[in-house]
Amino acid sequence: MIAIGGSIGTGLFVASGANIASSGPGGTLLAYALIGVMVYFLMTSLGEMAAHMPVAGSFSTYGSKFVEDGFGFALGWNYWYNWAVTIAAELVAAQLIMSFWFPDVPGGYWSALFLGLMFLLNVVSVRNFGESEFWFALIKVVAVVVFIIIGLATIFGLMHGIESPGFSNFTSGEAPFVGGFQAMVGVVMIAGFAFQGTEMVGVAAAESKDPRKNIPIAVRQVFWRITLFYILAIFVIGMLIPYTDPSLLRNEATDISVSPFTLLFERAGFAAAAAVMNAVILTAILSAGNSGMYASTRMLYSLAVQGKAPKLFAKVSRSGVPRNALYATTLVGALCFLTSVFGDKAVYTALLNTSGMCGFIAWLGIAVSHYRFRKGYMAQGGRLEDLPYRAMLFPFGPLFAFTLCLLITLGQNYSALLGDRIDWGGLIATYVSLPLFLAIWLGYRFKHRCRLVKYTEMDVGGLQNSAEEAPAARPAADTRVDGHLDLTHR
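The structure presented is a predicted model; accordingly, all values stated were derived computationally and were not measured. (Residues numbered from 1 in each chain as written. Predicted model: local features only at pLDDT ≥ 70, side-chain atom pairs only at ≥ 80, totals over all residues. Heavy atoms only, no water.)

### Here's the deal with the packing of aromatic side chains
What the rule picks out here adds up to 30 aromatic pairs. Relative to F373, the ring of F66 lies with its centre 5.0 Å away and its plane at 50°, an arrangement referred to as tilted. Taken as a pair, F66 in helix α4 (residues 58–66) and F373 in helix α17 (residues 358–379) lie far apart in primary sequence, 307 residues in all. For F66, a relative accessible area of 0% translates into the label buried. When the centroid spacing of 6.0 Å and the interplanar angle of 90° are considered together, the rings of F147 and F265 count as edge-to-face. Highlighted residues: F147 in helix α7 (residues 126–155) and F265 in helix α12 (residues 260–267), separated in sequence by 118 residues. Classification of F147 as buried rests on a relative accessible area of 1%. On the basis of relative accessible area, F265 is assigned to the buried category, the value being 8%. Put simply, the rings of F13, F147, F261, F265 and F270 touch in pairs and so form one group of aromatic residues. Positioned above the aromatic ring of F394, the side-chain terminus of R374 is 4.5 Å from the ring centre. (Phe/Tyr/Trp six-rings, centres within 6.5 Å; stacked < 30°, edge-to-face > 60°. Helix = DSSP H or I, 4+ residues; strand = E, 2+ residues; numbered from the N terminus. Buried < 20%, exposed > 50% of the residue type's maximum accessible area, 1.4 Å probe, protein only. Lys NZ or Arg CZ within 6 Å of the ring centre and 35° of its normal.)

### Concerning the packing of α17 against helix α18 (residues 396–410)
It is the contact of α17 with α18, at a shortest axis distance of 9 Å, that shows an interaxial angle of 155°. Considered as vectors, α17 and α18 are oriented roughly antiparallel to each other. Our pair here, α17 against α18, has a crossing hand that is left-handed. Across the interface between the two elements, F360, W363, L364, A367, V368, H370 and Y371 of α17 pack against P398, L399, F402, C405, L406, I408 and T409 of α18. Split into classes, the residues belonging to the contact of α17 with α18 amount to 12 nonpolar, two polar and no charged. (Axes fitted to C-alpha atoms, helices over the stretch in contact; angles between N-to-C directions. Parallel < 35°, antiparallel > 145°, perpendicular 65-115°, else oblique. Left-handed = near helix turned anticlockwise from the far one by under 90°. Contact = heavy atoms within 4.5 Å. Nonpolar A, V, L, I, M, F, W, Y, C, P; charged D, E, K, R; others polar.)

### Brief notes about helix α13 (residues 273–305)
Between its first and last C-alpha, α13 extends 48 Å over 33 residues, near the 48 Å set by a 1.5 Å rise per residue. Most of α13 sits inside the fold, with 30 of its 33 residues counted as buried. After α13 finishes, the residue G307 shows a positive phi value of roughly 80°. (Expected span 1.5 Å × (residues − 1).)

### A few points about the nonpolar core
Formed by 140 residues in total, the largest nonpolar core has its most connected members in F13, M38, Y79, F147, F261 and W363. No other element matches α13, which puts 17 residues into this core. With residues near it in sequence (within four places) discarded, F261 still touches L12, F13, A143, V144, F147, A233, I237 and M277. (Core = buried A, V, L, I, M, F, W, Y, C linked by side-chain atoms within 4.5 Å.)

### Observations regarding the pattern of salt bridges
Tallied over the full model, the rule gives eight salt bridges. Between R374 and E48 there is a salt bridge, with its nearest N and O atoms 2.8 Å apart. Of this pair, R374 sits in helix α17 while E48 is found in helix α3 (residues 15–52), placing the two residues 326 residues apart along the sequence. Since its relative accessible area comes to 0%, E48 is described here as buried. (Salt bridge = Lys/Arg side-chain N within 4 Å of Asp/Glu carboxyl O.)

### A word on the layout of surface pockets
In this structure, the second largest pocket occupies an estimated 770 Å³ of space. Lining the second largest pocket are 25 residues, with M1, I2, G130, A204 and S208 sitting closest to its centre. Where the lining of the second largest pocket is concerned, the elements lending two or more residues are α1 (2–7), α7, α10 (200–204) and α11 (211–240). Residues of the lining of the second largest pocket, tallied by class, amount to 16 nonpolar, four polar and five charged. (1 Å grid on protein atoms, 1.4 Å probe; cavity = no way out; pocket = protein on both sides within 12 Å on 5 of 7 lines; lining within 4 Å. Points joined across faces, edges and corners; volume = space filled by probe spheres on them.)

### Section: the side chain of N169
Along the chain, N169 turns up in helix α8 (residues 168–171). Look at N169 and you get buried, because its relative accessible area is 8%. Within the local environment of N169, its side chain forms a polar contact with the backbone oxygen of M239, the two atoms lying 2.7 Å apart. If sequence neighbours within four positions are ignored, N169 has contacts with P25, A175, G238, M239, L240, I241 and P242. (Polar contact = N/O pair within 3.5 Å; in protein donor to acceptor, adjacent residues only side chain to side chain.)

### A closer look at a nonpolar patch on the surface
On the surface, F100, W101, F102, V105 and Y109 cluster together into a nonpolar patch covering about 490 Å² of accessible area. By the secondary structure assignment, F100 is in the loop between α5 (69–98) and α6 (107–123). The exposure class assigned to F100 is partly exposed, which follows from its relative accessible area of 37%. (Patch = residues over 30% accessible without salt bridge, like charges linked within 9 Å, V, L, I, M, F, W, Y side chains within 5 Å. Areas by Shrake-Rupley, 256 points an atom, 1.4 Å probe, with all protein chains shown as cover.)

### Considering helix α9 (residues 180–194)
Look at α9: 22 Å from first C-alpha to last across 15 residues, which is about the 21 Å you get at 1.5 Å a residue. Of the residues making up α9, those classed as buried are A183, M184, V185, V187, V188, M189, A191, G192 and A194.

### Some thoughts on the packing of α11 against α12
In contact at an axis separation of 11 Å, α11 and α12 are set at 60° when each is read in the N-to-C sense. In this view, α11 runs oblique relative to α12, as classed from their interaxial angle. As α11 runs across α12, the sense of the crossing is left-handed. Between α11 and α12, the contacting residues are A233, V236, I237 and L240 on the first element and P260, F261, L264 and R267 on the second. Class assignment of the residues belonging to the contact of α11 with α12 gives a composition of seven nonpolar, no polar and one charged.

Structure representation (structure tokens):
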């Protein structure tokens, strides 16, 4: 539910309509299916490592152990920054959503309220976070399921007073593929963002119950549920709303009336559809921010435990919460208050531009780390049957995911190069995270003289003759930082 909550958001509820308008129902379905396959391989790669070695700072730890110490250092700070800034961006979005009901209330008040709520849900115990995220995610899941049920009932002519269009919207005009290959590529780029958040399963592994058993279940179920939600929802939208509908051309979060979900609910006779969907989207925003606060806090804690961040962030409360790391992450989230100075839309766009690429960098790190983990595991005499979860189609899976993810990463703003004049401002805003990541990685590498970890020297965890011989999250060592047990080995 954490992964579902982190990946179902405004990308599905609002932006999906604009995707269908640009590439048609067929092109959009194909684009999301392609991204779904990539995410499947990424999730299985992460699942294999997380079930075998559940740690709080999964991407950073795996990158350090299986690739190179500087690579893990850069991955960790990249992921912390990604979600810490996303908190601020989601709070800005919450301001825009609340203006639907309270247009005269300053947005800063809502940001302060929601930031305080996220902080309280995370500061007491991880159980509070898990419980709140479960209910946040459930609201979104229910909204999507109801939408799909009503949509399918309409398609099959079971809704009274609404005539089914059949497959006419898939065959009218240029449908099902509109705008050709270039339009579909543009949707592929956007669809990649929609699935971000699924990797939180790996971050939550260290604090989950019996990760060797439950992480494989989560990896398998989360992928299929998210994919079915996206594919079925887009199929319903494409069947019932023509790609030429002018409402689909607008996809601003401030205009909830143009959401395909709102349009369908209104046509089905739900008078309060706009208000209900506004509440659902607010839940989606708070869920993403809540998950982001948890993930970034655990990543900063893990970096501190490894000596890659100030030690004060490694301290934990009696309930096991790294509160100093939480305080620092909350301060970054408070960047949302800049909206009162510069205007909410401008800051929201700037925050998203600086962090938008970071999620793809984390995915690339997962693929590289898993490829090298499996090679090192086998080189040291490990047996595949001893792994709690085994990723299928190795090495094709991580290689395919890496290649496609790299193409998506590099092609995010390819349109800036196609005009009469190159949009240098747009290129810098889109790709600034890449040189920053490389600078952090290479700077750490040269300072500490890091080298690529050899397969035979990797710390691949305790190799056992049977998966049942070890406890669920066996410590690699009783590592203590300032008197506190290292939770990365819980």
